Amino acid sequence: MASTSFFGASSSSSSIPDPKSYDVFLSFSGEDTRYTFTDHLFQALVKRGIRTFRDDEQLRRGEAIAPELLKAIADSRSSVIIFSENYAHSRWCLDELVKIMDCQKDVGHTVFPIFYHVDPSHVRNQTGRFGEAFAGYEENWKDKEKVGRWRTALREAGNLSGWHLQLQDGYESNHIKKMTNRIFHQLNCKRLYVGTNLVGIDSRINKVNLLLHMGSNDIRIIGIYGVGGIGKTTIAKVIYNELSREFECMSFLENIGTISNTQGLPHLKNQLLGDILDGDQGTSMMNKRVFIVLDDVDHLEQLECLVENGGWLGEGSRVIITTRNKHLLTAQGVDDMYEVPELNFGEAGELFNLYAFQQNVPKIEFINLSLRMIYYCQGLPLALKVLGSLLFNKTIPQWKSELHKLEREPEMEIHNVLKRSYDGLGRTEKNILLDVACFFGDEDKDFVSRILDGCNFHAEIGLKNLNDMCLITIPYNKIHMHDLIRQMAWEIVREDYPHKPNKWSRLWDPRDIDSALTTYKGIHGVETLSLDLCKLRRVCFNPNVLAKMTKLRLLKVHSSDFSYFSDEGCSDKEYDDIVENTSKMKLGLDFEFPSYELRYLCWDGYPLEFLQPNFDEVQQH
């Protein structure tokens, strides 16, 4: 049987089954097998997740075949024809057969013949019981043309490869199991929708497949982890579609974190049991060769409930776990894990353009705008897809407007996906994340840890947890945060009072700082303030208002090397402006540091000759 390939040279799209109502239409003689073989086969197909149509006895009344049956055949991907002794004695069966064979020729309808206690040659040549039926038709039936179509359909179906069941062939249940497996595999049933434009997925699929060790009979449990929107579920679905047919049983449990909160773990456990046991609660799930995907796990208890220690898995079983939390995989003791990387710039460009322009290159007049959007997304597939779709068929002014909007306000579909990781954090980790996003840049981990420890934030374990949740990375001992996660954190700070920065817990943007300190009412709740004077043309507030920030922990007033004014760097006049701005940050001689909570102070060009007397008290607190 030929397999379907899902991967192209640089991008991939899934092969999706036709949108049919049924996978299988059963054609059979009710007199012979309705309550015996056909019923057993029907139950086996349904338990395997194969959508199967079996007619109701009430339909078989009157001379003409019911139109519902003809429609059901056309709406099915395949037909299973159970040729039994009295099949040809039913004109309904013969009319069904003609329709089935027409669909095979016209639309690629798959046909599976079963010769149930009849010789296939009797079907092909209309001999034996089939010959007796046609002798009657030739003698009594006026529509000779229809009889000819019946003979042609029988001859064509009788020449197809199928199953020949005889009385001495042993237990029917064994044959039904083999039939069900072949139908399932050939039709690629239970395929999951993965969408189109799967750019860059080939290399990621290949790396996970290497970890699965499909040639081994060992039991393997593999973890796929990464930030929200990076493509973990898509990768798992493509692998499931490609590999699940090689296993005895399979199950894909999607959105486990959300479903366990809304419907409970017992619901998920029952779904898993139903998939593995094929609906037969009388059998054991022990030692079955299964393929299971547990998608979007966010608590260890979910794995303990659904996988346990894996002792019930049969030889050669495979389990894939997707999660945002690397630590869950470590605690579960998975055999291997894979962190999904961001798309590189070329892949990101192709994916964005496919959604924004429905082609893999941008329109000429949109090249620069497209590059700005791609840079903004920083290789996150979700963001590229959402923003590309949003900008499809929009004008250049509308693109520019969206870019300006994104500078201050994230697209909420992206924000909500990323925020789920924040919502799952403890109080201390939330504070650390917001401090890193709003106060620290790509700083040395040890430097940041000392400051956070001074705030009683337990930095070592807190930063480790954020790293495990893929909210930060620590390459070369430097804390790095993805731009979209940083923007997500900024939005969290703003969300309760979006237009009142004086009520925010953290201030980092010079425009917002200027507004907050000019208004200064309510600023006692500010915990961190980072003011880059390079980005401030003039100081419009009285610096002594800082004394009102009674909860301030971290304070930085600095002039960065980055030029706000031009791409080429600061001119002499602009440099003089910066120096002038620094000199304008004047403090009264009676200035006191605002908070006994202050744990870090960095002030370029501090305007007083000495630190104020209460500074030692602040440090000793």
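Reading the values: rules and limits
Residues numbered from 1 in each chain as written. Predicted model: local features only at pLDDT ≥ 70, side-chain atom pairs only at ≥ 80, totals over all residues. Heavy atoms only, no water. Helix = DSSP H or I, 4+ residues; strand = E, 2+ residues; numbered from the N terminus. Buried < 20%, exposed > 50% of the residue type's maximum accessible area, 1.4 Å probe, protein only. Contact = heavy atoms within 4.5 Å. Polar contact = N/O pair within 3.5 Å; in protein donor to acceptor, adjacent residues only side chain to side chain. Pairing = 2+ DSSP bridges. Axes fitted to C-alpha atoms, helices over the stretch in contact; angles between N-to-C directions. Phe/Tyr/Trp six-rings, centres within 6.5 Å; stacked < 30°, edge-to-face > 60°. pLDDT = per-residue confidence, 0-100. Arc of directions from axis to C-beta. Parallel < 35°, antiparallel > 145°, perpendicular 65-115°, else oblique. Nonpolar A, V, L, I, M, F, W, Y, C, P; charged D, E, K, R; others polar. Salt bridge = Lys/Arg side-chain N within 4 Å of Asp/Glu carboxyl O. Core = buried A, V, L, I, M, F, W, Y, C linked by side-chain atoms within 4.5 Å.

A. Quick look at the overall build of the protein. The number of helices and strands found in the protein is 26 helices and 16 strands. Counting every position in the protein, which comprises 621 residues, the buried fraction comes to 50%. When contacts within the protein are restricted to residue pairs at least 6 apart in sequence, those whose partners lie at least 24 apart make up 74%.

B. Quick peek at the side chain of Arg494. You can see Arg494 is positioned in helix H23 (residues 483-494). A distance of 3.1 Å separates the side chain of Arg494 from the backbone oxygen of Arg408, its partner in a polar contact.

C. The arrangement of the sheet that holds strand E6 (residues 163-165) in detail. The strand order across the open sheet built from 5 strands is E3-E2-E4-E5-E6, with neighbouring strands paired in parallel fashion. The outermost strands of the open sheet, each flanked by one partner alone, are strand E3 (52-53) and E6. By the bridge criterion, 3 bridges tie strand E5 (residues 110-116) to E6 in an arrangement that is parallel. Bridging from a neighbouring strand, Ile114 pairs with Trp163 of E6. Taken strand by strand, helix H8 (residues 172-187) contacts strand E2 (22-28), strand E4 (76-83), E5 and E6, and its axis lies near 170° from that of E5.

D. How the structure looks around the environment of Asn270. By the element assignment, Asn270 lies in helix H12 (residues 265-276). Considering only alpha carbons, one finds Asn270 and Leu306, 36 residues apart in sequence, at a separation of 9.6 Å.

E. Inspection of the pairing of E4 at higher detail. Across the 8 residues of E4, 8 count as buried, placing the element largely inside the fold. As paired elements, E2 and E4 share 6 bridges and run parallel to each other. The residue bridging Ser27 from the neighbouring strand is Ile81, located in E4. Sheet topology places E4 next to E5; 6 bridges connect them, and they run parallel. Residue pairing across strands places Ser78 opposite Thr110, the latter belonging to E5.

F. Representation of the sheet that holds strand E16 (residues 600-603). The parallel open sheet is built from 4 strands, whose spatial order is E13-E14-E15-E16. Each edge of the open sheet carries a strand with a single partner, namely strand E13 (506-507) and E16. One ladder, built from 2 bridges, connects E13 with strand E14 (residues 528-532); its direction is parallel. Within E14, the position partnered with Arg506 by the bridge is Thr528.

G. Region of interest: helix H24 (residues 510-519). If you check which residues of H24 are buried, you get Pro510, Asp512, Ile513, Asp514, Ala516 and Leu517. The N-cap of H24, judged by a side-chain oxygen 2.8 Å from the amide nitrogen of Arg511 a few residues on, is Asp509.

H. Quick peek at the packing of aromatic side chains. For the structure on display, the rule yields 22 aromatic pairs. On the basis of an interplanar angle of 55° and a centroid distance of 5.1 Å, the ring pair of Phe366 and Trp399 is categorised as tilted. Residue Phe366 is found in the loop between helix H15 (345-356) and helix H16 (367-377), and its partner Trp399 is found in helix H18 (residues 396-408); the two are separated by 33 residues along the sequence. Overall, Phe366 belongs to the buried group, its relative accessible area being 8%.

I. The confidence of the model for the protein, seen in detail. Taken over all residues, the pLDDT of the protein has a mean of 86, while the share at 70 or more is 86%. Of the regions scoring below 50 in pLDDT, residues 617-621 engages in 10 contacts with residues more than four places distant in sequence or in other chains.

J. Main features of unusual backbone geometry. We note that His117 has phi near 60°; this positive angle belongs to a residue other than glycine. Relative to the assigned elements, His117 resides in the loop between E5 and helix H5 (120-125). Take His117: its relative accessible area is 30%, and that puts it in the partly exposed class. Here the phi dihedral of Asn477 falls at roughly 65°; this positive angle occurs in a residue that is not glycine. Here Asn477 lies in the loop between helix H22 (459-468) and H23. The partly exposed category is assigned to Asn477, whose relative accessible area is 28%.

K. Spotlight on H16. Among all positions in H16, only Leu369, Ser370, Met373, Ile374, Tyr376 and Cys377 are buried. The arc that holds the buried residues of H16, viewed along the axis, is 160°, so those residues lie on one side. Relative to its buried face, H16 has exposed residues pointing more than 90 degrees away, namely Asn368 and Tyr375. Its buried side turned inward, H16 meets H15, helix H17 (381-391), H18 and H23.

L. Representation of the environment of Leu433. Structurally, Leu433 is set in helix H20 (residues 427-438). Distance in space between the C-alpha atoms of Leu433 and Leu471 is 8.0 Å, their sequence separation being 38 residues. Excluding residues within four positions of it along the chain, Leu433 makes contact with Tyr422, Leu425, Leu466, Leu471, Met481 and Met488.

M. Quick look at the packing of helix H19 (residues 412-423) against H23. Taken N-terminus to C-terminus, the directions of H19 and H23 make an angle of 80°; their axes are 10 Å apart at the nearest point. By the angle between their axes, H19 is roughly perpendicular relative to H23. Contacts from His415, Leu418, Lys419 and Tyr422 in H19 reach Leu484, Ile485, Met488, Glu491 and Ile492 in H23. Considering only residue class, the contact of H19 with H23 consists of 6 nonpolar, 1 polar and 2 charged.

N. Inspection of the pattern of salt bridges at higher detail. As enumerated under the stated definition, the model contains 25 salt bridges in all. Arg77 serves as the salt-bridge partner of Asp23, at 3.1 Å between the closest nitrogen and oxygen. Of this pair, Asp23 sits in strand E2 while Arg77 sits in strand E4, and the two are 54 residues apart along the sequence. Overall, Asp23 belongs to the buried group, its relative accessible area being 3%. A salt bridge links Arg408 to Asp512, with the nearest nitrogen and oxygen atoms 2.9 Å apart. One end of the pair, Arg408, is in helix H18; the other, Asp512, is in helix H24, with 104 residues separating them in the sequence. Classification of Asp512 as buried rests on a relative accessible area of 6%. One salt-bridge network, held together by shared partners, links Arg408, Asp509, Arg511 and Asp512.

O. Fine view of the nonpolar core. Counting residues in each nonpolar core, the largest one holds 153 residues, and the members touching the most others are Leu294 and Leu529. Leave out the neighbours within four places in its chain, and Leu294 touches Leu253, Ile256, Leu303, Leu306, Val307, Val319, Ile320, Ile321 and Thr322. With 31 residues, the next largest nonpolar core counts Cys93, Val98, Met101 and Leu154 among its residues.

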